[in-house]
Each structure stands twice: as structure tokens, then as C-alpha cells.
Amino acid sequence: MVSALPDLRASGATSGLRWLALLIFIALTHVAYHQLFSRMVIENAESYTERHERLHDYGGLLLIAWQIPLSAIVLYLIYRELRNHAPGRLLRRLFAAAPGKWMCSFVCLTTAFGILWSGVVLGGQSSVEDDDTYLFQAALIAQGQLDLPFPWPEFPQSFQWSWMADAPDRYYSFQMPGHCIVLAIGVLLRAPWMMTLFATTVMCIFTHLTARRMYGRRTAILTTILLATSPYLLVTQSTYSAAVTGAACVAIVFWAGTRLLDRSTAFDAIYTGLAIGLLWFVRPPTAAFVAIPFGLIMLREILQRKAKAAHLAIVVITSIVALLPYFIYCRAISDPPHWTLSPGDTYSERLASPEISLKNITSNEGHERIKSIPNAIISLVRLNTYLFGWPLSLIPIGFLLVQRKWYGHNAWLLASCFILLGFYCLSEKILGWYYYELMPCAAILGARATIEFRKWLSMRGCGRIRARRTVSAIIASACLASLLISVPLTMARQWHFVWDWSEPINWLNTQIPEGEALVLIDFEQTDAQARTALLGDNDPFLKNRIVCAKSMGNHAIDANVRNKFPNRATYKYRCNPKSGEHTLTLWNVQ
């Protein structure tokens, strides 16, 4: 099949035309791929999983099977065309350049992109309920408070919304405190979106340092390139998701743990314990998924007398000491105060519920099994698409498994990845944003697998120069395609999410351009997403220009709420659940 393909190494105008046609073919392939997965599978996941036909149950696998041979042909054509052209030489120069200079360049470009995208284009707006709950708690922490008593006990439900903890006399968010503390710094600076960009920068730097210590300079540079061209990274950093801070903490844990495994000093053990405790503040399950494989590797090193048992004890003791403030926070914020694993027991209840459990796979009830299988497939397909922007982003990692490279640093990275993937794939819902915490592991593994693949080709008689050119052409063209096609498509999708969530807020700002106002939301006649977005946009201390409150149809309660804001114009708001039409009328207390 390969020999039958035309040789594209012609010269002059013919070569240029063939090169242009090849680029157009790659672009159309990516567009078709994204249209199929993004529109038919990913965006319509709820309706997709409700269909019980076998074709729809395994639709994701069929599309993957269709993409694999097509991608193989495309990659071969790219190799034949690019092996003597600029992209391959450019990548070789990057490998040979000073690592610090290129790391700083890529990190600065990523940060600059985030500032333009998050601050200028999106305006720092949230895109989902979780973002508002993080910002709510961050605003409280910025003022030195953990919770907020109801401003008026006579009508406590007027300002409470569904994503806040269910407490009888106060407001607080059930989200983990670590990310909220990071955002609180941004709240004080009046730019909370800057903190997610800062967390991304930290993640890129420590991932580069970890890859350099684990595998050397070339793997570290390629890791940074993969991060800088990843649509998953470039778009997720514009959200307020705790996964952004979680990924940064994961990178710090691997950096500290790698230092401990390589040098085995008491100070490195303290750094590792503190890093694990820091990650626990942001996402306890991820901290466990990273720490458990590390502990097992440390035990093996101790048995082989390559590490000291005292250092492992220091890691455990330091982690416990670092976790004490977390448990004190959970006790202080829970209602009534008691020792618990999470704020308000919300996450504890979720972990014990069927939402995330083995029941989704092992249940004998057919409809649950049918729903769980395509959801796991869709989750992995989504990750496979958006991780690095290629249609087959996870394939390089699979090369390490095929070659049985399951030892040393590979073992820690692979174990953490598969535990995290397996845990969230059991969910009934698609929890793709949790996978972002895999970015440091996935980028290092992808880069390492690429280097290993080049070595494997050279040992199979392909020749060192030919193997280097092949891998260089594949990576260069894939990163280029990600920047030119995958990143813009993912940005457009993210912009749609932000615009859709913020539409009621922006509409009210245009209808009430001046002065302070109180908007009473007709709760029974308003779309659930619109009322959640409006209530979540409230400042915790109700000091924003437009304050939104529930109206449950009780005129006396509405009048009492209105009397608490005597200097504000009062409006009644509705959003038709079916048509999405907004209605705003001036409300009179009489």
C-alpha cells in the first residue's frame, strides 16, 4: 500500500501545488473529524447516551476505526513531503537549542495568549456553575471570611442558589479551599482570571523541569512544545476550574518526588510531603492517585536500598501536617461543625453515590451498562481529540505500553494516569474537565514515547537520519495542524459556552445601562440556567451594580426584599424556558 502512493518529492511549481493540496487535505480532515465528534458526539452527549441501539452504543469506536487508517495515510504523506523541508529542520534545531531559552519562549507565548483570550476576548466571564461557586468563596476568603450569614433571616431563600451549600443560616461554597484561595488573590487584584493563567505558567515550568530531570533535555523541550500547542491547555486556562490549579500542583508533586527519588535527601522529602498536601487542598482524589503510586515506588527503592525509610516517613509526616489546616477548614465550615473529609460533605456524598462508582460497570441492569460504556468511550475520545490537538493524541502514550516500558519514572506517570482515567470513566456523566489534571503526566509521556519511537525506528533498520526526519515531520505537522485548526475550533466552542452562560447577564447590562438596580427573577417562569447564572453573578455582599433575587410569587416577600434596597430601581425578569426570550419590566411595590 505504501509503495503505491505517489512520490511527492517533485521540484518547482508541481511540488508547491502538491504541498498546498496536502495542507488543504489535512485541514479538511481535521474539520470533518471535529464536526463529527464535537457536534454529533461530544456536544450532544446527553441525547447520545439515551439511545440504546448497538450502532449508537459503539459509534465512538466506529469513528475511531475510520480515523486510524486515514490518519496513517495523512502522516505518511506528510513525512514524504516534509522530511527534507523546513519543519523537520526547525524541530531538530529546537532539540539542539538551549532548553531554558525555548522553555521561557513557549511559556511566555502561552501566557500572552491566555491574557488576550481570557482578559480581552472573554472578559474574565465564567462559563458554568462551578466557576461561580469558586468565585463566590474566593470573594469571601479575600475579605477574611469562610462563610456569610444570611443578610436578612426573614427571607433566606431570596439570594441562595442551587450550587451553594445547603445551610440553614449562612452562605458558603462546598468547593475545595485550595483553588478558592488562589482565586482570592486575583479577587484582591480585581482580575481573578489572571490566577488561572499564573497556575498554567507554574504547571508548564514545573512540567518542563520534571521532564528534564526524568528523561533529559530533548524530552523536556518536546514536552513544552506539546503543552504550548495543546488546545486543551490553551482553552482550559481561560476557565475558573480547579483542574487548572490541580494540574499545577500535580506538576509540583512530580518535580519534588523526582528530586527525592534521584537525590534522596531530607529536604526533598519535605518538599514532596508539602506538595502532596498542597494538591490535597485542591483535589483530594487526585492527591491520592498521585501519592499512592509514589509511595509504592519509594517502598521498592527502600527494599533495594536505593532510598531511606526515614525519608518516606518524612513524606508521610509532612503530608499529614500540611493536611491539618484542610481538616480544620472543613470542620469550621461544615454544619454543624464536625470532622469531615470535604466541605459540607458534598464530595463525600458524591463519592458514595452511584454517580461515581463501580455499579455503572458491574450492574446487571442493562440500561445502566449501556449508558456507562458509551460515556467512557466519549470521554476518552474527547481527551484523545483535545489533549494535543491531534486526532490520535493518546497513541504515543500507548507505544510505551506496547514496548512494556513500565519501569522507573514511566511506572509512576502511567499508574497515576490510568488510576485517574479509570476513576472518572466510571461516572455516568462526562467529566472531561477533570482529565486536565493529567496534562503534566500526559505531556511528559507523549514526549518520551515520541523519543522512544524514534529510537525504535532506528533499531528496526530505518536508519537514524530517516527515523529522526520521520518523527520530526510528524510532530511538526501535528503541532502546526493543532495551532491552525484544532485550537481555533476549540476556542470557538469555549466562546460559545461563555456566551451562552453569560447571555442573561449581558442582556440585563444592556437593558439597564445606568444606575444600580434590583432584579426580581420570576423563578417559576424562568429558564433554570438563566436564573442560576444571574444568582451566581451576585457579589456575596450584594454590592454589585445589578443585584438579582428570587421571586417565588409572594408579593409581600418581594416587597420586603425591595425595601432593603431603597435606592435601587426594581425590575421583574423572566426568561421563557422554551424560546429563551428575555422579558424585563419595571416592578412597582404597590
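Residues numbered from 1 in each chain as written. Predicted model: local features only at pLDDT ≥ 70, side-chain atom pairs only at ≥ 80, totals over all residues. Heavy atoms only, no water.

(A) Spotlight on the side chain of E301. With respect to the helices, strands and loops of the structure, E301 is situated in helix α14 (residues 284-303). Setting aside residues no more than four positions away along its own chain, E301 makes contact with L261, K306 and A307. (Helix = DSSP H or I, 4+ residues; strand = E, 2+ residues; numbered from the N terminus. Contact = heavy atoms within 4.5 Å.)

(B) Up close: the nonpolar core. Core analysis: the largest hydrophobic core is formed by 108 residues, its most contacted members being M203, W412 and Y436. Here the element with the most residues in this core is helix α12 (residues 242-263); it accounts for 14 residues. With residues up to four places along the chain from it excluded, the contact list for W412 reads M214, V253, F254, G257, T258, L261, V290, P293, F294 and I297. Residues F150, Y171, I546 and A549 belong to the second largest nonpolar core, which totals 32 residues. (Core = buried A, V, L, I, M, F, W, Y, C linked by side-chain atoms within 4.5 Å. Buried < 20%, exposed > 50% of the residue type's maximum accessible area, 1.4 Å probe, protein only.)

(C) Seen up close, the side chain of T210. Here T210 lies in helix α9 (residues 193-215). Polar contacts involving the side chain of T210 include one to the main-chain amide nitrogen of W255, which spans 3.3 Å. Contacts of T210, omitting those with residues within four sequence positions, involve A251, F254, W255, T258 and I444. (Polar contact = N/O pair within 3.5 Å; in protein donor to acceptor, adjacent residues only side chain to side chain.)

(D) Examining the environment of R263 more closely. Relative to the helices and strands, R263 resides in helix α12. Relative accessible area serves as the criterion here: at 44%, R263 is assigned to the partly exposed category. As for R263 and K306, which are separated by 43 residues in sequence, their C-alpha atoms are 9.8 Å apart. Excluding its chain neighbours within four sequence positions, the residues that come into contact with R263 are R213 and D268. Among the polar contacts listed, one links the side chain of R263 to the side chain of D268, at a separation of 3.2 Å.

(E) Expanded view of the pattern of salt bridges. A complete count under the given rule lists nine salt bridges for this structure. E437 is the partner of R283 in a salt bridge, and the nearest nitrogen-oxygen pair spans 2.8 Å. In this pair, R283 sits in the loop between α13 (266-282) and α14 while E437 sits in the loop between α20 (408-425) and α21 (439-462), placing the two residues 154 residues apart along the sequence. Grouping residues by exposure puts R283 and E437 together as buried. One network of salt bridges, in which partners are shared, links R259, R263 and D268. (Salt bridge = Lys/Arg side-chain N within 4 Å of Asp/Glu carboxyl O.)

(F) Region of the structure containing helix α15 (residues 309-333). Taking 1.5 Å of rise per residue, the 25 residues of α15 would be expected to cover 36 Å, and the 37 Å separating its terminal C-alpha atoms lies within 8% of that figure. Considered for burial, the residues of α15 that qualify are H311, L312, V315, T318, S319, A322, L323, Y326, Y329, C330 and I333. Contacts made by the buried residues of α15 are with α7 (129-142), β2 (170-171), α8 (177-188), α12, α13 and α14. (Expected span 1.5 Å × (residues − 1).)

(G) Structural detail: the packing of aromatic side chains. Overall, the coordinates contain 13 aromatic pairs when judged by the stated rule. Taking 6.4 Å as the distance between ring centres and 80° as the angle between the ring planes, the aromatic pair formed by F136 and Y171 counts as edge-to-face. Of this pair, F136 sits in helix α7 while Y171 sits in strand β2, and the two are 35 residues apart along the sequence. The class for Y171 is buried, based on a relative accessible area of 6%. Their ring planes at 90° and their centres at 5.5 Å tell us that Y232 and Y436 sit as a pair that is edge-to-face. One end of the pair, Y232, is in helix α11 (residues 231-236); the other, Y436, is in the loop between α20 and α21, with 204 residues separating them in the sequence. Ring pairing ties together the aromatic residues W280, F281, Y326 and F327, which thus form one cluster. (Phe/Tyr/Trp six-rings, centres within 6.5 Å; stacked < 30°, edge-to-face > 60°.)

(H) Highlighting a nonpolar patch on the surface. On the surface, L116, V120, V121, W495 and W499 cluster together into a nonpolar patch covering about 520 Å² of accessible area. When contributions to the nonpolar patch are tallied by element, the ones reaching two or more residues are α6 (99-121) and α22 (464-511). Of the residues forming the nonpolar patch, the biggest block, three residues, is contributed by α6. Among the secondary structure elements, L116 is positioned in helix α6. (Patch = residues over 30% accessible without salt bridge, like charges linked within 9 Å, V, L, I, M, F, W, Y side chains within 5 Å. Areas by Shrake-Rupley, 256 points an atom, 1.4 Å probe, with all protein chains shown as cover.)

(I) Summary view of the sheet that holds strand β6 (residues 582-586). The four strands lie next to each other as β4-β3-β5-β6, forming an open sheet whose pairing is mixed. A single partner strand is all that each edge strand has here, and the edge strands are β4 (546-551) and β6. The average undirected angle you get between the axes of adjacent strands in this sheet is 30°. Pairing analysis gives six bridges linking strand β3 (residues 517-526) to strand β5 (residues 569-575), with the strands arranged parallel. Residue pairing in the sheet places V519 in a bridge with Y571 of β5. Sitting on the sheet, helix α23 (residues 528-536) touches β3, β4 and β5, and the angle it makes with β3 is about 155°. Along the sheet face, helix α24 (residues 555-563) touches β3, β4 and β5 and points at about 155° away from the line of β3. (Pairing = 2+ DSSP bridges. Axes fitted to C-alpha atoms, helices over the stretch in contact; angles between N-to-C directions.)

(J) Focus on the packing of α9 against α12. With their axes 8 Å apart at the nearest point, α9 and α12 run at an angle of 25° to one another. Relative to α12, the element α9 lies roughly parallel. In terms of crossing hand, the pair formed by α9 and α12 is left-handed. The residues of α12 that touch α9, namely those facing T196, A199, T200, V202, M203, F206, T207, L209, T210, R213 and M214, are V244, T245, A247, A248, A251, I252, F254, W255, T258, R259, D262 and R263. Split into classes, the residues belonging to the contact of α9 with α12 amount to 13 nonpolar, six polar and four charged. (Parallel < 35°, antiparallel > 145°, perpendicular 65-115°, else oblique. Left-handed = near helix turned anticlockwise from the far one by under 90°. Nonpolar A, V, L, I, M, F, W, Y, C, P; charged D, E, K, R; others polar.)

(K) Quick peek at α23. Of the residues making up α23, those classed as buried are A530, T532, A533, L534, L535 and G536. In this structure D527 caps α23, since a side-chain oxygen of it lies 3.1 Å from the backbone nitrogen of Q529.

(L) Layout of the environment of T245. Among the structural elements, T245 can be located in helix α12. Sequence spacing of T245 and L183 is 62 residues, and the spatial spacing of their C-alpha atoms is 9.7 Å. When sequence neighbours within four positions are dropped, the list of residues in contact with T245 reads H179, V182, A199 and V282.

(M) Spatial organisation of the pairing of β5. Burial analysis of β5 places five of its seven residues in the buried class, the great majority of the element. Strand direction decides the pairing type here: β5 and β6, joined by five bridges, are antiparallel. Each residue of the ladder has a partner; that of Y573, found in β6, is L584. Adjacent in sequence and paired antiparallel, β5 and β6 are bridged by six residues, among which G580 carries a positive phi angle near 75°.

(N) Looking closely at the pairing of β3. Burial runs high along β3: eight of the 10 residues are buried. Of the pairings in the sheet, the one linking β3 to β4 comprises six bridges and is parallel in character. By the bridge assignment, V519 is partnered in β4 with C548. Following the backbone out of β3, through α23 and into the adjacent parallel β4, one traces a crossover that is right-handed. (Right-handed = clockwise from strand over helix to strand, strands pointing away.)

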